[in-house]
Amino acid sequence: MQNPAALRPNLYRPAAAVSAASFFLLLLAGSSAFAQTAAPAGQAASCPGGNGGITLPSGFCATVFADNLGHVRHMVVAPNGVLYVNTWSGRYYHNVPPPPGGFLIALKDDKGAGKADVIRRFGPDIAHGSAGGTGIGYYKGAIYAEQNDKIVRYALPADSPVPSEPSQVVVSGLPLTGDHPMHPFIIDSQGDLYVDLGSPTNSCQIENRMPNSPGHQPCTELETRAGTWRYDANKTGQHFSAAERYVTGLRNGEGFAFDSSGRLFATQHGRDQLGQNFPRLYTSQQSAQQPAEEIVHEQKGADFGWPECYYDRFQKKLVLAPEYGGDGGKAVGVCAQKTPPIAAFPAHWAPNDLLIYSGTAFPTAYRGGAFVAFHGSWNRAPEPQGGYNVVFQPLKDGKAAGDFAVFADGFAGAVKEPGQAAFRPTGLAQGPDGALYISDDVHGRIWRVTYHGPAGAARAAAPATNTAAANTRPGPPEGLNPNADVNALPVPAGATKQQLALGQRIYLGETAGGTCSGCHGSDARGGPQAPSLVSGHYVVGNGSFQSIKQVVADGVPRPHDYEVPMPPKGGAPLSDSDVTAVAAYVWAIGHAAHH
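These numbers come from a predicted model, not from an experiment.

Asker: Explanation requested: the sheet that holds strand E13 (residues 238-239) in the structure shown.
Answerer: Two orientations exist for strands paired in a sheet by backbone hydrogen bonds: parallel and antiparallel. The strand order across the open sheet formed by five strands is E6-E7-E8-E9-E13, and the pairing between neighbours is mixed. The open sheet has two edge strands, strand E6 (136-139) and E13, and neither has a second partner. Alignment of strand E9 (residues 168-172) against E13, held across two bridges, turns out to be parallel. Residue pairing across strands places Ser-172 opposite His-239, the latter belonging to E13.

Asker: So what exactly am I meant to see when it comes to the nonpolar core here?
Answerer: Side chains that are nonpolar tend, in soluble globular proteins, to be buried together. By size, the foremost hydrophobic cluster in this structure holds 25 residues, and its most contacted members are Leu-489 and Ile-589. The set of elements that each furnish at least two residues to this core consists of helix H6 (497-507), helix H8 (545-554) and helix H9 (576-591). Sorting elements by how many residues they give to this core places H9 first, with nine residues. In terms of nonpolar packing, the next biggest core, distinct from the first, is built from 22 residues, Leu-355, Tyr-366, Ile-438 and Trp-447 among them.

Asker: Can you help me understand the pairing of strand E11 (residues 192-197) in this one?
Answerer: Successive side chains on a regular strand alternate, one facing one side of the sheet and the next facing the other. With five of six residues buried, E11 lies mostly within the body of the structure. As judged from the three bridges shared by strand E10 (residues 185-187) and E11, these two strands associate in the antiparallel manner. Residue pairing in the sheet places Ile-187 in a bridge with Leu-193 of E11. The sheet contact formed by E11 and strand E12 (residues 227-232) spans six bridges and is antiparallel. Pairing of Asp-196 across the sheet is with Thr-228, part of E12.

Asker: Looking at this structure, I do not really get the packing of H8 against H9. What am I missing?
Answerer: A packed helix pair is summarised by two numbers, namely the angle formed by the two axes and the spacing between the axes. At a closest axis distance of 8 Å, the pairing of H8 and H9 adopts a crossing angle of 125°. With respect to each other, H8 and H9 are oriented oblique. Crossing geometry of H8 relative to H9 is assigned as right-handed. Contacts between H8 and H9 involve Phe-545, Ile-548, Lys-549, Val-552 and Ala-553 from the former and Val-579, Thr-580, Val-582, Ala-583, Ala-584, Val-586 and Trp-587 from the latter. Of the residues assigned to the contact of H8 with H9, the class counts are ten nonpolar, one polar and one charged.

Asker: Explain empty space enclosed by the protein here, please?
Answerer: Gaps left between atoms show up when a probe the size of a water molecule is rolled over them. A volume near 700 Å³ is recorded for the largest cavity. In this structure, the largest cavity is lined by 43 residues; those nearest its centre are His-520, Leu-533, Val-551, Val-556 and Met-566. Ranked by residues supplied to the lining of the largest cavity, first place goes to helix H7 (residues 516-520) with four residues. In the lining of the largest cavity, the residues fall into 26 nonpolar, 15 polar and two charged.

What counts and how
Residues numbered from 1 in each chain as written. Predicted model: local features only at pLDDT ≥ 70, side-chain atom pairs only at ≥ 80, totals over all residues. Heavy atoms only, no water. Pairing = 2+ DSSP bridges. Helix = DSSP H or I, 4+ residues; strand = E, 2+ residues; numbered from the N terminus. Core = buried A, V, L, I, M, F, W, Y, C linked by side-chain atoms within 4.5 Å. Buried < 20%, exposed > 50% of the residue type's maximum accessible area, 1.4 Å probe, protein only. Axes fitted to C-alpha atoms, helices over the stretch in contact; angles between N-to-C directions. Parallel < 35°, antiparallel > 145°, perpendicular 65-115°, else oblique. Left-handed = near helix turned anticlockwise from the far one by under 90°. Contact = heavy atoms within 4.5 Å. Nonpolar A, V, L, I, M, F, W, Y, C, P; charged D, E, K, R; others polar. 1 Å grid on protein atoms, 1.4 Å probe; cavity = no way out; pocket = protein on both sides within 12 Å on 5 of 7 lines; lining within 4 Å. Points joined across faces, edges and corners; volume = space filled by probe spheres on them.

Any functional reading would require information beyond the geometric quantities listed.
This is the structure:
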């Protein structure tokens, strides 16, 4: 039987990384295969281009394989070494026009220099109604790709990396609504096509992401969403229905991988906003650290618990969600009958892809283990955001075989936040030569990682990470200059400088459990979850002090152009005077440019 890993589409959160105790052990464990030690001086200089700006374990180097491709999501490498990627557009990226041409791209390194010198786009473009997608795969000489609500296939000619004939529709009618409209997938050696259909809501509440709103009983989303569906890659003309569901209770799967025994694994994005939606049960700090992100082992009929349950990484068990009678993490209830993950990671890091390494080019300690690409958090406020990295999780016999370690870091640059991150990992792929490819959906960069250490080495150190710098909260978010403070801001009529100062501290999460910066960014310039507050353009209300105060107090349950609703008071336990202070500060930073 052909290794199913060769056919995978190599796809599209306590502690800031590892727990303090585990991190300390990693630092000291010289006998560990993944001991956290500083990379030798000069390592970056020995790698062409300084690793393309990222940090890697000693002995590894990265080259920028391609850049500025658009919003690159998942990737797959064909047997002949051509790398195929899918790119995405639309509301998540603020409808910014994508690069011209089709959303699918074929990339080839003809010169062996670690860089794509052949880059060709194909498939429909935005003018022909496509918004691209996340999922992509290779099977029997054809490229399979997600396009809007479909998975299509393109037969590849022997003499060209791009198809010469139109695509055929394999599956159509896949749901596109709600919080998770993407359709990552994977194909095994028999042609079973497993596709992820993420949930349209955060936790199946009657009012999505609103405080104290209970969950639907039953959660009818599970009939058509929040699970993995199975189709046949050998057939065309299939249509989505509830009948093809393979597993359930998977809020948002995104990453798929097979191991050498043919076991299917997937990632799970844990739910958001425990504290913002249920402040009487969770503090903002607890909400920043729960629930875990996961790797699960998919077997037909498995139920991983969403929305009734979430995985508590500290208690190491599934517990009852507050929407379904949970009490803040003690009650278990029906969760005792659900399937737990095989590995867990810090909250809200957003695992967007999974790859089980089957090559021989990396040290033996990596073989058969899982790489996970973490897109990065937004819902860890008032704690520092986390993720924006690629980690390695050792596996054995389909289970975790030790703690994970950060493998590649530095993607975000100076600030780990959605609106300011330089790059955000989204996809992973393995080349026939054992090289590891990592994609980004901010600027469309792809890195190619190779190993140049001692032959037959049994271990390689994880990269040195400046955790102090990574966890330092950026300066004032008004964005005027790094040293600006509230004394430089205008004051709305009826407010005071003291209120502005309090509003700034709440905004940054320094007091009152404020979570504003999680969605709007510490620089208040916005991101995928919420608009800029410094642009002078008001998405809701008229921008007056009173209007802003009303918006903060009432929240925004149905945003115009964003997927994440804002709960009243941002989900924080703000008093009326706190609301006034935040409104004054938001008014001030929105008017600062004209001051």
